[in-house]
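Observations on the three-dimensional arrangement
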Amino acid sequence: MSSETVLRTESLGKRYGTRWAVQDLNLEVHRGDVFGFLGPNGAGKSTTIRMILSLITPETGSVEIFGHELSRHRTAALSKVAGIVEKPDFYLYLSARRNMQIVGSLTLGRTPAPAKIESCLALVGLTDRARDLVKTFSHGMKQRLGIAQALLCDPELIVLDEPTNGLDPQGMKEVRELIHHLSTEMGITVLLSSHLLNEVEQVATRMAIINKGTMVVQGSVDELLRAAVRTTLFSVTPQKKAVRILGELKGIEQMEVIEGDIRVKVPAKRIPALVSALVDAGCSVHAVTPEHSLERYFLSVTEQS
């Protein structure tokens, strides 16, 4: 994957009265990323996205997109960018196809070619509903139609603000699969803002976590989760003996027995030594399962911040 930077913010900040919604934020999104932009509700995610899309003006700092400084070269910076903030809006009493024609004409300055509209609708799985009024669409279908509209301008970067918010599990799955397709099959870089950590964990390659408007951590999802102190489940027999052996070892911060397994909080580098000690003591180790979910990591770093 290329490490070319397509989006960079430097010391970005926005203040409302005396309260800083975002302060000194330095983001870096690389080409090909599905970049998870995470934080609790009210952390400043939507404010940041509005600054990136030039919907509001930063108080401090700068935004650079595809090498163009946004405040000085707005048209060039946003020429390859599409975005959906919070939720897409439609003409509910018009069909999906007619909505695509209208939005396309506003975006491109001309009515999109019919073939382009049909290909975008097909990509998001709405070909069979192209003639139907948007008022009959589910929330998930509207989200997919919004993404289809965004694709009309052939963007290289798509910014999605809470795209699965309010969706049922099926709707979440559809949007998640679509984001994965945009990245892996079409080569589109995706900046994905969300507070639904399980959804982001399944698609994101890199991420940043902000809290109270400031950066907490940024980097590769895999590397950040691997580096974190994690809990590990040991399936061992005999269990009582295993608990006694583990209790005598150094480096274990916490231990509990749950549903027949032993959960141990220990740095990842210590796990081989624990397994060796159990085996040497005559225990049978049936499974060792690291628990390193994004949710656990998110809670640990935001609580520390």
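Preceding this paragraph is the structure being described.
This write-up is about the structure you can find in this document. Since this is a predicted model, take the numbers as computed values, not measurements.

Digging into the packing of helix H3 (residues 96-108) against helix H4 (residues 114-123)
In a packed pair of helices, the relevant descriptors are the angle between the two axes and the axis-to-axis distance. In the contact formed by H3 and H4, the axes pass within 10 Å of each other and the chain directions differ by 120 degrees. One way to sum up the angle between H3 and H4 is to call them oblique. In this structure, H3 meets H4 at a crossing whose hand is right-handed. Across the interface between the two elements, Arg97, Met100 and Gln101 from H3 touch Ile117, Glu118, Cys120 and Leu121 from H4.

Topic: the sheet that holds strand E10 (residues 206-211)
Overall, mixed pairing links the 6 strands, which are arranged E7-E8-E9-E4-E10-E11 in an open sheet. Each edge of the open sheet carries a strand with a single partner, namely strand E7 (81-84) and strand E11 (214-220). Across the sheet, the axes of successive neighbouring strands diverge by a mean angle of 15 degrees, strand direction being ignored. In the sheet, strand E4 (residues 34-38) pairs with strand E9 (residues 189-194) via 5 bridges, with the strands oriented parallel. Opposite valine 34, over in E9, you have valine 190 as the bridge partner.

With respect to the nonpolar core
Among the nonpolar cores identified, the biggest contains 47 residues, and Leu145 and Tyr297 are the most heavily contacted of them. For this core, the leading source of residues is helix H5 (residues 139-151), giving 6 residues. In terms of nonpolar packing, the next biggest core, distinct from the first, is built from 27 residues, Ile49, Met51, Val63 and Val81 among them.

Thoughts on a nonpolar patch on the surface
Side chains of Leu92, Tyr93 and Leu133 sit close together on the surface and give an oily, nonpolar patch of about 300 Å² of accessible area. If you trace the backbone, leucine 92 turns up in the loop between E7 and H3. Using a relative accessible area of 37% as the deciding quantity, one classes leucine 92 as partly exposed.

A few points about the pairing of strand E2 (residues 19-25)
Pairing geometry for strand E1 (residues 5-16) and E2, over 4 bridges, is antiparallel. Following the sheet pairing, leucine 12 is matched in E2 by leucine 25. Here E1 folds back onto E2, and the loop between the two strands holds 2 residues, one of which, glycine 17, carries a positive phi near 65 degrees.

As for helix H9 (residues 239-247)
A turn of α-helix holds 3.6 residues, and therefore any two residues three or four places apart point the same way. Along H9, the positions that sit buried rather than exposed are Ala242, Ile245 and Leu246. Down the axis, H9 shows its buried residues gathered within 95 degrees of arc, on one side only. Of the exposed residues in H9, those oriented more than 90 degrees away from the buried face are Lys240 and Gly247.

What about the packing of H9 against helix H10 (residues 271-280)?
Between H9 and H10, the least distance of the axes is 10 Å, while the angle of their chain directions is 130 degrees. Here H9 is positioned oblique relative to H10, judged by the angle of their axes. Here the hand of the crossing between H9 and H10 comes out right-handed. Where H9 approaches H10, its residues Ala242, Ile245 and Leu246 are matched on the opposing element by Leu274, Ala277 and Leu278. Considering only residue class, the contact of H9 with H10 consists of 6 nonpolar, no polar and no charged.

A short note on the pattern of salt bridges
Here the structure, examined in full by the defined rule, presents 15 salt bridges. Note that arginine 31 is salt-bridged to glutamate 156, the shortest N-O span being 3.1 Å. On the criterion of sequence distance, the pair formed by arginine 31 in the loop between strand E3 (28-30) and E4 and glutamate 156 in the loop between H5 and strand E8 (157-161) is long-range, its members being 125 residues apart. A salt bridge links glutamate 162 to lysine 45; the nearest nitrogen and oxygen atoms lie 3.9 Å apart. Of the two residues, glutamate 162 is situated in the loop between E8 and helix H6 (169-184) and lysine 45 in helix H1 (residues 45-52); the sequence distance between them amounts to 117 residues. Connected via shared salt-bridge partners are Glu4, Arg31, Lys80 and Glu156.

Some remarks on the environment of glutamine 254
With respect to the helices and strands, glutamine 254 occurs in strand E13 (residues 254-258). The class for glutamine 254 is partly exposed, based on a relative accessible area of 45%. Linking glutamine 254 and threonine 231, residues 23 residues apart in sequence, is a C-alpha distance of 8.7 Å. In this structure glutamine 254 touches Arg263, Val264 and Lys265, once residues within four positions along its chain are discounted.

Analysis parameters
Residues numbered from 1 in each chain as written. Predicted model: local features only at pLDDT ≥ 70, side-chain atom pairs only at ≥ 80, totals over all residues. Heavy atoms only, no water. Axes fitted to C-alpha atoms, helices over the stretch in contact; angles between N-to-C directions. Helix = DSSP H or I, 4+ residues; strand = E, 2+ residues; numbered from the N terminus. Parallel < 35°, antiparallel > 145°, perpendicular 65-115°, else oblique. Left-handed = near helix turned anticlockwise from the far one by under 90°. Contact = heavy atoms within 4.5 Å. Pairing = 2+ DSSP bridges. Core = buried A, V, L, I, M, F, W, Y, C linked by side-chain atoms within 4.5 Å. Buried < 20%, exposed > 50% of the residue type's maximum accessible area, 1.4 Å probe, protein only. Patch = residues over 30% accessible without salt bridge, like charges linked within 9 Å, V, L, I, M, F, W, Y side chains within 5 Å. Areas by Shrake-Rupley, 256 points an atom, 1.4 Å probe, with all protein chains shown as cover. Salt bridge = Lys/Arg side-chain N within 4 Å of Asp/Glu carboxyl O. Arc of directions from axis to C-beta. Nonpolar A, V, L, I, M, F, W, Y, C, P; charged D, E, K, R; others polar.

All quantities given are derived from atomic positions and should not be read as evidence of function.
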